[in-house]
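Per-entry structural report
Letter by letter, the chains look like this.
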There are 4 protein chains.
Amino acid sequence: MSKRLNIAMLGCGFMGRAHSNAWLQVNHFFPREHKPVLKACYGREEDRKKLDEFAARWGYEIVETDWRKLVARDDIDLVDVCVPNHMHHDCVIAAAEAGKIVVCEKPLAMNVREAEEMVAAVEKAGVPNMVSFNYRRVPAIALFKQIVDEGRIGQVFHYRATYNQDYTISQDVPQGGMALWRLDSRVAGSGVTGDLLAHSIDTAEWINGPIRRVTAYTKTFITERRHADTGKVEKVDIDDACMFLAEFENGSIGTFESTRYARGRKNYNTFEINGDRGALFFDLEDPHILQFFRYADPQTGKKIEDHLTGWQRIHVTNFEHPYMKHWWVPGCTIGYEHTFTNSFADFLASLEGGPKFQPDMRSALRTQRVCDAVLDSARRGQWVEIP
Amino acid sequence: MSKRLNIAMLGCGFMGRAHSNAWLQVNHFFPREHKPVLKACYGREEDRKKLDEFAARWGYEIVETDWRKLVARDDIDLVDVCVPNHMHHDCVIAAAEAGKIVVCEKPLAMNVREAEEMVAAVEKAGVPNMVSFNYRRVPAIALFKQIVDEGRIGQVFHYRATYNQDYTISQDVPQGGMALWRLDSRVAGSGVTGDLLAHSIDTAEWINGPIRRVTAYTKTFITERRHADTGKVEKVDIDDACMFLAEFENGSIGTFESTRYARGRKNYNTFEINGDRGALFFDLEDPHILQFFRYADPQTGKKIEDHLTGWQRIHVTNFEHPYMKHWWVPGCTIGYEHTFTNSFADFLASLEGGPKFQPDMRSALRTQRVCDAVLDSARRGQWVEIP
Amino acid sequence: MSKRLNIAMLGCGFMGRAHSNAWLQVNHFFPREHKPVLKACYGREEDRKKLDEFAARWGYEIVETDWRKLVARDDIDLVDVCVPNHMHHDCVIAAAEAGKIVVCEKPLAMNVREAEEMVAAVEKAGVPNMVSFNYRRVPAIALFKQIVDEGRIGQVFHYRATYNQDYTISQDVPQGGMALWRLDSRVAGSGVTGDLLAHSIDTAEWINGPIRRVTAYTKTFITERRHADTGKVEKVDIDDACMFLAEFENGSIGTFESTRYARGRKNYNTFEINGDRGALFFDLEDPHILQFFRYADPQTGKKIEDHLTGWQRIHVTNFEHPYMKHWWVPGCTIGYEHTFTNSFADFLASLEGGPKFQPDMRSALRTQRVCDAVLDSARRGQWVEIP
Amino acid sequence: MSKRLNIAMLGCGFMGRAHSNAWLQVNHFFPREHKPVLKACYGREEDRKKLDEFAARWGYEIVETDWRKLVARDDIDLVDVCVPNHMHHDCVIAAAEAGKIVVCEKPLAMNVREAEEMVAAVEKAGVPNMVSFNYRRVPAIALFKQIVDEGRIGQVFHYRATYNQDYTISQDVPQGGMALWRLDSRVAGSGVTGDLLAHSIDTAEWINGPIRRVTAYTKTFITERRHADTGKVEKVDIDDACMFLAEFENGSIGTFESTRYARGRKNYNTFEINGDRGALFFDLEDPHILQFFRYADPQTGKKIEDHLTGWQRIHVTNFEHPYMKHWWVPGCTIGYEHTFTNSFADFLASLEGGPKFQPDMRSALRTQRVCDAVLDSARRGQWVEIP
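Note that the structure is predicted; figures quoted are calculated from it, not measured.

We now examine unusual backbone geometry. Cis geometry marks the peptide bond from K106 of chain A to P107 of chain A, where omega comes out at -10 degrees. Mapped onto the elements, P107 of chain A comes out in the loop between β5 (101-105) and α5 (112-125). For the bond running from Q358 of chain D to P359 of chain D, omega is 0 degrees, close enough to zero to count as cis. One can find P359 of chain D in the loop between α9 (338-351) and α10 (361-380). Unlike most non-glycine residues, Y323 of chain C shows phi in positive territory, near 75 degrees.

Written out as structure tokens, the structure reads:
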């Protein structure tokens with residue numbers, strides 16, 4: 001018995017595209033009762049032409065330039081918030097108040113205050129909700145988590161994460177506009193901290209538990225850029241790079257770094273964990289690979305034969321690996337887009353009585369707290385506790 | 001102005017699924033006039049339950065267990081042949097005679113004789129046709145070809161290819177049935193030669209020109225297996241492994257190997273070319289990577305600075321790379337399935353006045369000739385010329 | 001005309017062995033006038049048996065358990081200080097006052113105060129001196145520096161370094177004694193900061209210029225260990241791990257981390273630099289490899305062809321690479337030990353009118369300042385300027 | 001009680017240098033009774049200047065340009081044959097007849113006939129003898145053999161080997177002379193077959209047992225080169241490349257390839273073995289690494305947990321790894337030269353009652369038989385049995 005799930009997509013940019021694709025794909029690969037339908041999409045009036053093309057390409061029935069109207073419609077079951085960060089707060093709250101299921105792109109909000117209000121709204125409304133930290137559903141990252149949970153790492157000493165890219169190095173890159181709103185602090189809230197480190201922090205706490213305190217540093221390398229909307233050279237307020245040291249509550253310690261100025265790194269979202277029994281390393285540039293160092297048996301703690309230890313390159317495409325039995329055959333990779341498909345598959349399952357979906361907005365609020373603490377520490381040049 | 005393109009899918013197995021997905025995806029990523037519609041699908045009566053599920057999942061309007069009827073329907077524009085190898089011949093010829101556009105999975109046929117008749121049929125009918133050697137549309141493989149064509153390799157000395165897997169090592173794997181018909185010679189024609197080496201040969205000749213002669217060796221490691229249809233232990237006739245040496249017409253020489261007994265290799269479709277000016281290496285287990293060794297300038301032949309030569313790991317996800325501007329952003333990979341999407345995008349473009357699609361059946365006939373020569377050489381223990 | 005260079009080796013442990021080997025090897029591979037002679041060696045009376053074996057193995061003529069006597073001998077030209085850290089200060093000063101050429105293992109001293117006195121002594125005596133930061137003479141690291149100096153990296157944005165190992169994770173490892181004095185703070189001064197980070201800092205400032213300020217964190221995971229000398233469980237005072245953030249004077253920023261608790265990492269001395277024109281990465285576990293990302297021409301700043309950028313794995317064994325023309329042929333690696341041989345080759349050259357050897361003690365004092373600032377910052381939980 | 005072992009070195013080229021170094025090093029790292037002494041060396045009268053420099057650099061007491069005189073001296077215990085291939089036969093036989101211990105560089109001889117006579121001579125004389133297939137003593141290759149012998153690979157299906165280089169691609173490289181005698185068939189006997197494939201074959205049979213039959217192909221890409229001795233352009237008779245298919249007696253099959261025209265490959269001596277229980281891969285360009293795929297327990301045959309299989313990169317520098325406890329500490333690599341040191345350490349041990357050294361000349365004769373069969377097969381274009 002299939003149930004239609006009418007979706008209102010807010011946003012017709014990169015993320016609107018990624019989510020639309022995943023909603024269309026999910027039933028082809030995962031057995032779910034809900035059948036997502038791309039019912040309506042929203043974009044700004046000034047982006048009308050792009051919006052119409054977007055709707056035509058993905059098959060949206062309704063096109064709308066007033067998002068409040070769209071959210072209020074009776075024939076909408078789920079609102080998917082893919083607009084820039086500064087609109088998340090209002091869109092999510094309105095959707096929750098209209099009783100819709102709410103999906104929101106990360107980072108959840110511009111800051112903790114906004115995020116708290118959003119969590120209050122969805123929890124008051126009692127609506128199912130998710131935040132799209134899609135990388136948790138990269139099969140190799142899900143396997144990373146599984147191996148830690150199986151006790152194969154043991155007592156953790158170290159965690160280290162980077163999320164490095166290189167696409168804004170040139171002075172000629174403008175800020176603002178549809179494509180580069182991430183460089184405009186009024187729209188994005190922060191720079192790499194909300195954009196990239198939010199992923200690193202979400203993954204880190206999911207895998208290694210809460211961060212207790214941080215000391216951080218941020219840097220803006222290019223301090224003035226032409227604004228795409230005004231055409232004028234304006235001050236750049238976002239952080240081009242952010243790095244911090246962390247104490248975790250479990251006694252382990254960590255380093256984090258994120259930047260858009262790491263020449264040569266395209267999507268270098270890496271993290272490594274080292275414990276007494278083993279270690280793991282992941283790099284999003286080779287998303288189908290998980291590196292695992294087995295040192296001791298997870299039950300007995302007994303060492304592996306000494307001449308046989310080494311970093312193991314697990315090709316995460318076996319049927320036994322998370323999500324992979326739904327896709328192709330061993331040896332065949334899935335792509336970036338399927339992190340969204342896997343996410344929606346799990347989210348639909350949770351609507352159908354499966355395990356509660358994580359991260360929801362409450363969980364994403366936690367990540368927001370760490371992000372805010374990081375930025376606060378960087379401003380003050382001091383260690384800051386996560387509240 | 002969009003044109004509906006009604007598709008009849010013959011086959012509801014692994015390839016039927018891969019093709020269905022690609023037909024649905026192609027318009028979302030590539031601007032094409034033709035709009036593929038999954039109109040009808042065929043499966044065997046004994047697979048009825050699976051067929052119905054397949055149709056429901058992918059949205060086929062019509063389900064049919066007599067392929068000849070399906071091929072004859074007026075409302076079908078294109079027949080996509082994804083049934084096992086032994087049916088290719090009849091299906092393709094019937095489709096051509098019915099004036100349909102024909103798509104056929106590789107290998108084209110059971111042998112050269114069949115393939116010649118198929119080519120004759122499509123050419124007589126004058127119908128557009130393609131054979132799904134999908135790996136030509138892995139962006140990194142397309143880039144491999146492009147770099148060779150740019151003169152960056154120079155005079156070629158060596159070519160070497162492997163296509164190694166490990167999934168049939170156990171005696172417990174049966175032959176035949178829906179999943180393992182590739183082990184049944186009556187259905188598959190040959191073992192790894194048609195299944196895997198056909199890919200290696202298609203790519204090799206596309207990149208490095210015609211093979212002149214070969215000396216080959218085949219091996220069946222497990223010579224008896226239970227047959228899934230009869231339940232009886234029967235002789236295994238297919239080649240579990242095949243290896244050959246080759247002379248190319250351009251004066252270069254090559255080694256080829258394929259097996260399903262290479263423990264540890266899942267989808268190890270690799271090839272390397274070495275010339276006086278450069279070299280390239282590709283491995284399908286890391287499909288987003290192309291390794292390039294630059295030695296000399298393609299125009300002048302002048303050496304690169306000596307202290308700066310090394311194998312370069314190109315992350316083939318930039319907008320400048322083949323197909324990638326249609327997908328996501330630099331650093332984001334696409335998966336196995338999109339080798340089919342890219343193929344159909346090019347095939348539709350060729351229907352719309354773009355470059356003639358390759359490989360068509362005539363081109364695949366050539367690959368069949370090499371496969372047959374390889375098997376013939378293995379039987380006779382001698383060098384064999386490709387006719 | 002060859003000149004004998006009589007060497008007094010202080011220390012018969014791991015470093016005594018590495019230096020002895022390198023003194024014997026240097027003339028076989030590098031044309032130098034000086035002929036090092038292993039004249040005398042010193043070890044503690046309680047290590048007499050080991051000392052005698054050491055002398056026999058390496059061919060030392062004289063064995064001595066009073067280092068002051070050895071340093072004072074007329075027939076000694078050069079004193080090589082390979083004893084534990086807490087003895088560096090007295091040995092170096094005595095050697096300088098006796099007018100000997102002085103070689104000292106790193107870290108230079110227990111702290112800046114000691115280091116300043118040592119620099120004052122060698123400079124007052126006017127004796128040639130070197131500190132054995134041997135990794136500068138790994139060919140791939142020398143090439144790293146060369147490529148930066150050629151302008152191929154351009155304006156630097158980021159520097160990141162780790163030096164991670166895993167050999168002290170077990171509670172059963174004792175502190176102190178001949179082998180594990182590095183765990184005893186009275187002998188070693190500090191833990192990973194002096195042992196491993198000193199290397200990272202020396203290399204970082206050599207390549208990327210002075211560090212301006214740091215914020216650091218240290219951790220001792222196992223806080224009590226049996227002492228090998230006393231047999232009693234005693235408090236462990238050294239840092240098992242140290243991590244810090246840094247600002248460089250050239251406007252770039254950096255992360256540094258070192259630990260002996262990174263399960264799976266044996267000798268993971270890595271560093272990466274990212275500039276607008278290129279990037280480099282090195283990992284001491286693959287010491288013959290340098291990874292280079294070329295983005296733009298060093299002279300013109302013009303971008304490389306977009307479809308050809310990628311990390312290049314330079315096999316640093318060509319005749320054109322630093323030091324390599326003195327060893328074997330392209331493709332043949334040298335080992336860990338030859339970082340010392342290369343160092344002594346350069347040091348002898350500097351005695352013979354070649355370029356002044358770096359790092360000397362004044363240069364190593366600078367590294368000591370950064371180490372002390374790091375430890376100070378970790379104690380105080382604040383940013384600290386390097387004086 | 002140490003025993004002097006007076007060595008006569010025949011040859012002062014690349015191999016003379018590598019062997020001299022190893023004789024001097026062996027006692028520093030391995031406890032052996034024999035103390036090799038570099039007593040005398042031989043070179044041609046026309047290379048007198050080079051010979052004198054060689055003797056001075058390595059400390060040879062005696063310099064001689066008549067090798068027969070040298071071999072006959074009473075004060076020589078061991079003759080080390082490092083002259084070009086065409087002299088091996090006479091030198092070895094003379095040394096054996098003079099009752100000397102004989103060491104010979106590979107390949108043993110110009111052909112099987114010569115090799116048989118040499119084996120007869122050393123066996124008649126009853127002198128200890130070794131052939132320097134030094135790569136057996138790369139620690140990672142010794143570990144490869146050990147893991148196979150531990151039953152961790154199980155029933156073998158495949159073996160594949162390459163030994164590819166790129167240093168003779170240019171037309172400007174001359175043949176003949178001291179450096180490039182390997183291109184002169186009268187001196188070298190064959191091209192890559194004796195030079196490179198001999199290594200591959202020695203390793204293959206050592207690890208995987210005897211080869212039963214082969215079909216081979218050889219190629220000379222540049223057919224005329226200036227001769228360094230005569231100054232004239234002369235025909236090139238050696239094989240620039242050689243490739244062959246093989247059946248092993250244990251039922252497994254193999255591919256072999258060697259060339260000096262594989263642009264980008266410097267010392268690409270690789271081999272892989274695939275069995276039902278595991279697989280191994282080695283590449284001499286990363287000599288400290290062994291790749292191991294564990295699939296099943298060597299005793300029980302039970303599969304490893306499915307989600308944890310992957311190629312493991314063993315950093316072969318632990319104390320538990322072959323030879324490594326004699327060198328430095330885990331994480332520290334040794335270089336190319338120490339394959340010779342390890343070889344001499346084992347050879348001296350065999351003189352002192354340790355395990356019989358392999359490969360001796362009888363064992364190397366076997367490799368010669370395979371090489372001759374390969375060349376014969378290439379000439380005749382047919383499969384050839386190894387006698």
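Residues and elements named next belong to chain A. Structurally, chain A comprises domain 1 (3-132) and domain 2 (136-385). Distance between the C-alpha centres of domain 1 and domain 2: 24 Å. At the junction of the two partners, domain 1 supplies 34 residues and domain 2 supplies 33 residues. Taken together, the elements giving at least two residues each to the side of domain 1 that touches domain 2 come down to α1 (14-29), α5 and β6 (129-132). Broken down by element, the side of domain 1 that touches domain 2 gets its largest block of residues, eight residues, from α1.

On to the relation of the copies chain C and chain A, then. For the pair chain C and chain A, the best superposition has an RMSD of 0.0 Å and corresponds to a rotation of 180 degrees with a translation of 0.0 Å parallel to the axis. As the rotation angle and translation indicate, the two copies are arranged about a two-fold axis. Considering only C-alpha atoms, the part of chain C nearest the rotation axis is Q382 of chain C, at 3.2 Å. Here 100% of the interface residues in chain C have copies in chain A that are interface residues too; the copies meet face to matching face.

The interface of chain C with chain A comprises 29 residues on the first partner and 29 residues on the second. Mapped by element, the contributors of at least two residues to the side of chain C that touches chain A are β7 (156-164), β8 (211-219), β11 (241-248), β12 (253-259), β13 (268-275) and β14 (278-283) of chain C. The leading source of residues in the side of chain C that touches chain A is β12 of chain C, at four residues. Looking at side-chain class alone, the side of chain C that touches chain A contains 15 nonpolar, nine polar and five charged residues.

All names here are of chain D. Side chains N129 and V131 of strand β6 (residues 129-132) all project onto a buried face; the interleaved residues M130 and S132 project onto the opposite face, where all are buried too. Alignment of strand β5 (residues 101-105) against β6, held across four bridges, turns out to be parallel. Paired with V102 across the bridge in β6 is N129. For the crossover from β5 across helix α5 (residues 112-125) to β6, the handedness is right-handed.

We now examine the packing of helix α4 (residues 88-97) of chain D against α5 of chain D. Residues and elements named next belong to chain D. Running from N to C, α4 and α5 cross one another at 10 degrees; their axes reach a closest spacing of 8 Å. Judged by the inter-axis angle, α4 sits roughly parallel to α5. Residues H89, V92, I93, A96 and E97 of α4 form the contact with α5, whose own contacting residues are E114, E117, M118, A121, V122 and A125. For the contact of α4 with α5, a count of residues per class yields seven nonpolar, one polar and three charged.

Counting residues at the interface gives 23 residues for chain D, matched by 23 residues for chain C. Those elements giving two or more residues to the side of chain D that touches chain C turn out to be α1 (14-29) and α2 (48-58) of chain D. The residue inventory of the side of chain D that touches chain C, partitioned by class, reads eight nonpolar, 10 polar and five charged.

Turning our attention to the sheet that holds strand β3 (residues 62-64) of chain B. Residues and elements named next belong to chain B. Spatially, β3-β2-β1-β4-β5-β6 is the arrangement adopted by the six strands of the open sheet, whose pairing is parallel. Of all the strands in the sheet, the pair left with one neighbour each is β3 and β6 (129-132). Sheet twist, expressed as the mean angle between neighbouring strand axes with direction ignored, is 25 degrees. Where strand β1 (residues 3-10) lies against strand β4 (residues 78-81), four bridges are found, and the strand directions are parallel. Paired with A8 across the two strands is V79, which belongs to β4. Against the sheet, helix α4 (residues 88-97) makes contact with β1, β4 and β5 (101-105), and its axis sits at roughly 170 degrees relative to β5, the strand it touches most.

Further remarks concern helix α10 (residues 361-380) of chain B. For α10 of chain B, with 20 residues, the first-to-last C-alpha span of 28 Å sits near the 28 Å given by 1.5 Å per residue. Within α10 of chain B, 14 of the 20 residues are buried, which leaves the element mostly enclosed by the surrounding structure.

This part takes up the relation of the copies chain D and chain C. Each of the two chain copies goes to the other by way of a rotation about an axis and a shift along it. Superposing chain D onto chain C takes a rotation of 180 degrees plus a shift of 0.0 Å along the axis, which leaves an RMSD of 0.0 Å. Interface residue correspondence from chain D to chain C reaches 100%, placing this contact among same-surface, isologous pairings.

Quick look at the sheet that holds strand β2 (residues 34-42) of chain C now. Residues and elements named next belong to chain C. Spatially, six strands are ordered β3-β2-β1-β4-β5-β6 in an open sheet, and the strand pairing comes out parallel. The open sheet has two edge strands, β3 (62-64) and β6 (129-132), and neither has a second partner. Averaged over all pairs of adjacent strands, the angle between their axes in this sheet comes to 25 degrees, without regard to strand direction. Bridging between strand β1 (residues 3-10) and β2 involves eight bridges; their strand directions are parallel. In the sheet register, N6 faces β2, and the bridge partner there is V37.

Residues V92, V102 and V374 of chain A together with V92, V102 and V374 of chain C are the most contacted members of the largest nonpolar core, which totals 255 residues. Filtering out sequence-adjacent residues up to four positions away, V102 of chain C remains in contact with V79, V81, V92, A95, A96, V122, V127 and N129 of chain C.

What follows concerns the environment of W58 of chain B. On the secondary structure map, W58 of chain B appears in helix α2 (residues 48-58). Counting along the chain gives 34 residues from W58 of chain B to L24 of chain B, while the straight-line C-alpha distance between them is 8.7 Å. Those residues in contact with W58 of chain B that sit more than four places away from it in its chain are H28 of chain A together with S20 and L38 of chain B.

With that settled, the discussion passes to the pairing of strand β12 (residues 253-259) of chain D. All names here are of chain D. Burial of β12 is extensive: seven of the seven residues sit out of reach of the surface. Residues of β12 alternate between two faces, with I253, T255, E257 and T259 on one and G254, F256 and S258 on the opposite face, all of them buried. Inspection of the sheet shows strand β7 (residues 156-164) paired to β12 by seven bridges, in the parallel sense. Looking at the pairing, H158 lines up with I253 of β12. Here strand β11 (residues 241-248) pairs with β12 via seven bridges, running antiparallel.

All names here are of chain A. Given a rise of 1.5 Å per residue, 14 residues ought to cover 20 Å, and the 20 Å separating the end C-alpha atoms of helix α9 (residues 338-351) matches this to within 8%. In terms of burial, α9 is a largely internal element, 11 of the 14 residues being buried. Within the span of α9, buried status applies to H338, T339, F340, T341, N342, S343, F344, A345, D346, F347 and L348. Elements that come into contact with the buried residues of α9 comprise α1, β2 (34-42) and β6. Immediately beyond the C-terminal end of α9, within one or two residues, lies G353, with a positive phi of roughly 95 degrees.

With that settled, consider the packing of helix α1 (residues 14-29) of chain B against helix α9 (residues 338-351) of chain B. All names here are of chain B. Contact pair α1 / α9: the axes reach a minimum separation of 8 Å and the direction vectors enclose 60 degrees. For the pair α1 and α9, the crossing hand works out as right-handed. Where α1 approaches α9, its residues A18, H19, A22, W23, Q25, V26 and F29 are matched on the opposing element by F340, T341, F344, A345 and L348. Its residues assigned to classes, the contact of α1 with α9 shows nine nonpolar, three polar and no charged.

Rules of the game
- Residues numbered from 1 in each chain as written.
- Chains lettered and ligands numbered in written order.
- Predicted model: local features only at pLDDT ≥ 70, side-chain atom pairs only at ≥ 80, totals over all residues.
- Helix = DSSP H or I, 4+ residues; strand = E, 2+ residues; numbered from the N terminus.
- Domains from an automatic or database assignment.
- Contact = placed C-beta atoms within 7 Å.
- Least-squares fit on C-alpha atoms with pLDDT ≥ 70 in both.
- Nonpolar A, V, L, I, M, F, W, Y, C, P; charged D, E, K, R; others polar.
- Buried ≥ 20, exposed ≤ 12 C-beta atoms within 10 Å, placed from the backbone.
- Pairing = 2+ DSSP bridges.
- Right-handed = clockwise from strand over helix to strand, strands pointing away.
- Axes fitted to C-alpha atoms, helices over the stretch in contact; angles between N-to-C directions.
- Parallel < 35°, antiparallel > 145°, perpendicular 65-115°, else oblique.
- Expected span 1.5 Å × (residues − 1).
- Core = buried A, V, L, I, M, F, W, Y, C linked by C-beta atoms within 7 Å.
- Left-handed = near helix turned anticlockwise from the far one by under 90°.

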